[in-house]
Amino acid sequence: MLFVRDYLFDSYLIPYYLIGAVVYFVFRFVFMKCKKINFVLKKELLNLVFASYIIILISATVLPKWYEQVIDGETYIKFMLNEPKFNFIPFRMIYLFFMTSGENALINLGVNAFLLFPFGLLFPVICSRYRRRTILCGMLFSLAIEILQIIPGRSTDIDDLILNTAGCAVGYGFYCVFRRIYCSGAAS
């Protein structure tokens, strides 16, 4: 639950999400106008859910955290920028988590695996043309996040890439099961 408390409900995410949502709506509106795409409520709601997920994920993992600091009655916004940390040795951090954190290791590893679970579940619905490449797209998206985390000085870790990709694969597996159940039920 640390991830939920520390990231999803931090006040710094709200401005990022609002800016991202406005950008999404403008681009989606322009795209639909240019391509002469009809508005279909169900499809647009799915697109909105997926876009919201991506915006929140990028806000929580890539964009720098910030906080307000009051000095002599003046309010300043301070960005938390650190030296980036790197791990290119597979399973090193997973091993270290288990050796030092015990129960918290499972929570941390589960959160990393769950981060791309919704990607694996929603991507094949939104981008049906690339359905068979969902896990590859999830891995590339996770790789992009890991690379972009260097900029605000977060950690870049091969283990995060492995866990994120595994979570995406599990999400895609759920999608395949739901699709098979839905298609077999619709055929009856």
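Just above, that's the structure.
As the structure is a computational prediction, the values presented were derived from the model and not from experiment. Each chain carries its own residue numbering, running from 1 in the direction its sequence is written. Totals for whole chains, interfaces and linings use all residues, but because this is a predicted model, local features are given only for residues with pLDDT of at least 70 and pairs of side-chain atoms are given and counted only at 80 or more. Just so you know, side-chain values use all the structure's heavy atoms and leave hydrogens and water out.

**Digging into the environment of G110**
Along the polypeptide, G110 turns up in helix α5 (residues 103-114). The partly exposed category is assigned to G110, whose relative accessible area is 33%. The spatial distance from the C-alpha of G110 to the C-alpha of G167 is 8.7 Å, given a sequence separation of 57 residues. By definition, any uninterrupted DSSP run of H or I lasting at least four residues is a helix, any uninterrupted run of E lasting at least two residues is a strand, and each is numbered from the N terminus. Relative accessibility thresholds used throughout: buried, under 20% of the residue-type maximum; exposed, over 50%; partly exposed, between the two (1.4 Å probe, protein chains only).

**Focus: helix α6 (residues 117-126)**
Of all ten residues in α6, seven are buried; the element is thus mostly enclosed. F117, P118, F119, G120, L122, F123 and P124 are the residues of α6 that are buried.

**Let's talk about the packing of helix α3 (residues 41-61) against α6**
Orientation is described by lines fitted to C-alpha atoms, with helices fitted over the stretch in contact, and by angles between N-to-C directions that extend from 0 to 180 degrees. Contact geometry for α3 and α6: axes closest at 10 Å, N-to-C directions at 140 degrees. The way α3 lies across α6 gives a crossing that is left-handed. Across the interface between the two elements, L46, N47, V49, F50, Y53 and I54 from α3 touch P118, F119, L122, F123, V125 and I126 from α6. When residues are grouped by polarity, Ala, Val, Leu, Ile, Met, Phe, Trp, Tyr, Cys and Pro land in nonpolar, Asp, Glu, Lys and Arg in charged, and all others, Gly among them, in polar. Here the contact of α3 with α6 is built from residues that sort into eleven nonpolar, one polar and no charged. Left-handed describes a crossing whose near helix is turned anticlockwise from the far helix by less than a right angle; the clockwise case is right-handed. Any two residues whose heavy atoms approach within 4.5 Å at even a single point are treated as in contact.

**Re the pattern of salt bridges**
Salt bridge, as used here: a side-chain nitrogen of Lys or Arg that lies within 4 Å of a carboxyl oxygen of Asp or Glu. Evaluated as defined, the whole model comprises one salt bridge. A salt bridge links E44 to R28; the shortest N-O distance between them is 2.8 Å. In this pair, E44 sits in helix α3 while R28 sits in helix α2 (residues 13-35), placing the two residues 16 residues apart along the sequence. Each member of the pair, E44 as well as R28, is classed as buried.

**Examining the side chain of N47**
Mapped onto the elements, N47 comes out in helix α3. Look at N47 and you get buried, because its relative accessible area is 9%. Setting aside residues no more than four positions away along its own chain, N47 makes contact with Y24, R28 and I126.

**Comments concerning the nonpolar core**
In plain words, nonpolar cores are sets of buried Ala, Val, Leu, Ile, Met, Phe, Trp, Tyr and Cys residues tied together by side-chain atoms within 4.5 Å. Counting residues in each nonpolar core, the largest one holds 13 residues, and the members touching the most others are F50, Y53, I54, L57, L116, F119 and F141. Of all the secondary-structure elements, those providing two or more residues to this core are α3, α6 and α7 (134-148). With residues up to four places along the chain from it excluded, the contact list for F119 reads F50, Y53, I54, P124, T134, C137, G138, F141 and C168.

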